[in-house]
Amino acid sequence: MSNQAACVSIQNVSKKFGKHQVLMGINLEIMEGEIFGLLGPSGAGKTTLVKELAGFDTPTSGENYVLQEKMPSLQLINRIGYMAQSDALYEDLSAKENLQFFASLYGLKGKQQKQRIDDVMEMVNLSAHLHKLVSDFSGGMKRRLSLAIALLHEPEILILDEPTVGIDPVLRKGIWDSFYELNRKGTTIIVTTHVMDEAEKCDRLGLMRDGSLIAIGTPNELKENTNANSIEEAFLVYGGVTVED
Ligand SMILES: Nc1ncnc2c1ncn2[C@@H]1O[C@H](COP(=O)(O)OP(=O)(O)OP(=O)(O)O)[C@@H](O)[C@H]1O
């Protein structure tokens, strides 16, 4: 990984909502072509951080650079794919109409638009439901449709906020296979999760707790450095927490 360029550089980023300090002096570089996972309990600040990377929020202090541009940057809209934690879908439109709407925003037209819609729906295993109203979709189907939308314009960086919540293990594996496939083709993937087995699938992890990045490394490094058998155990050691049942 040493000869890769950083495509994300987070420089001393802090964020406050009123008096509530949500991010504290985060420094992190994410390399081109890696799958980077942000792991941490609810409220750790993962969503706040990835929202800033996607250009939907700004730090109170510090700077975020994505593809060498200071964020937020309108110029990057076509180069970043973002899947938010809550689905931003039009419930009274069909899946196809939702995809067409977002495809138009990205400037995809005609045959190319149709092809991309078919490709992404196949990737998330929803091809059979193209014409169904989103209001008739299950929670997991909505997640997968949101993912399909994030993939439409073949972004160089894909930012996914808990992409597989509410998705059953078989489909989850299928979705991770798609991530690996995209990653093989060069897409950098940044994913937040609090699922430990997903964390193991990342090239590197950033462990977050109470707005701080408490450790960064490959899953193996994090386990070896703490003499832990699992990422969960490593997390607890880095966090200075003792294991309780
Ligand atoms: N717009 C906001 N206004 C005020 N507080 C906020 C806002 N957004 C987030 N927070 C607070 O910031 C903290 C971090 O939230 P964030 O959603 O980033 O955590 P998270 O690690 O992504 O958690 P989860 O896994 O539950 O999504 C929480 O305490 C949350 O209540």
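Values in this document were obtained by computation on a predicted structure and should not be read as measured data. (Residues numbered from 1 in each chain as written. Predicted model: local features only at pLDDT ≥ 70, side-chain atom pairs only at ≥ 80, totals over all residues.)

### A few points about the overall build of the chain
Helices and strands together make up the secondary structure of the chain, namely 8 helices and 10 strands. For 245 residues, the compact-globule estimate of 2.2 N^0.38 gives 18 Å, and the C-alpha radius of gyration of the chain, at 18 Å, lies within 12% of that figure. The proportion of buried residues among the 245 residues of the chain is 35%. Across the chain, contacts joining residues at least 24 apart in sequence account for 64% of those joining residues at least 6 apart. (Helix = DSSP H or I, 4+ residues; strand = E, 2+ residues; numbered from the N terminus. Rg over C-alpha atoms; globule rule 2.2 N^0.38 Å. Buried ≥ 20, exposed ≤ 12 C-beta atoms within 10 Å, placed from the backbone. Contact = placed C-beta atoms within 7 Å.)

### Structural notes on unusual backbone geometry
Here the bond from Met71 into Pro72 is cis, since omega is 0°, no more than 30 degrees from zero. Along the polypeptide, Pro72 turns up in the loop between strand S5 (69–70) and strand S6 (80–83). Its identity is not glycine, yet Leu67 carries a phi of approximately 50°, on the positive side. Residue placement: Leu67 occurs in the loop between strand S4 (61–66) and S5. Residue Leu67 is classed as partly exposed on the basis of its 19 C-beta neighbours within 10 Å. In the Ramachandran plot, Gln68 falls in the positive-phi region, its phi being about 65° despite a non-glycine side chain.

### Thoughts on the site of the ligand
In the vicinity of the ligand there are 13 residues, among which Phe17, Ser42, Lys46, Thr47 and Thr48 approach most closely. Every element with two or more residues in the shell around the ligand is listed here: strand S2 (20–31) and helix H1 (46–54). Here the element with the most residues in the shell around the ligand is H1; it accounts for 3 residues. In terms of residue class, the shell around the ligand is made up of 3 nonpolar, 9 polar and 1 charged. (Near = placed C-beta within 6 Å. Nonpolar A, V, L, I, M, F, W, Y, C, P; charged D, E, K, R; others polar.)

### Considering the domain arrangement of the chain
The domain architecture assigned to the chain consists of domain 1 (1–75 + 174–245) and domain 2 (80–154). Taken residue by residue, the interface counts 6 residues in domain 1 and 7 residues in domain 2. Those elements that place two or more of their residues in the side of domain 1 that touches domain 2 are H1 and helix H5 (169–184). Here the side of domain 1 that touches domain 2 gets 3 residues from one element, more than from any other, and that element is H5. (Domains from an automatic or database assignment.)

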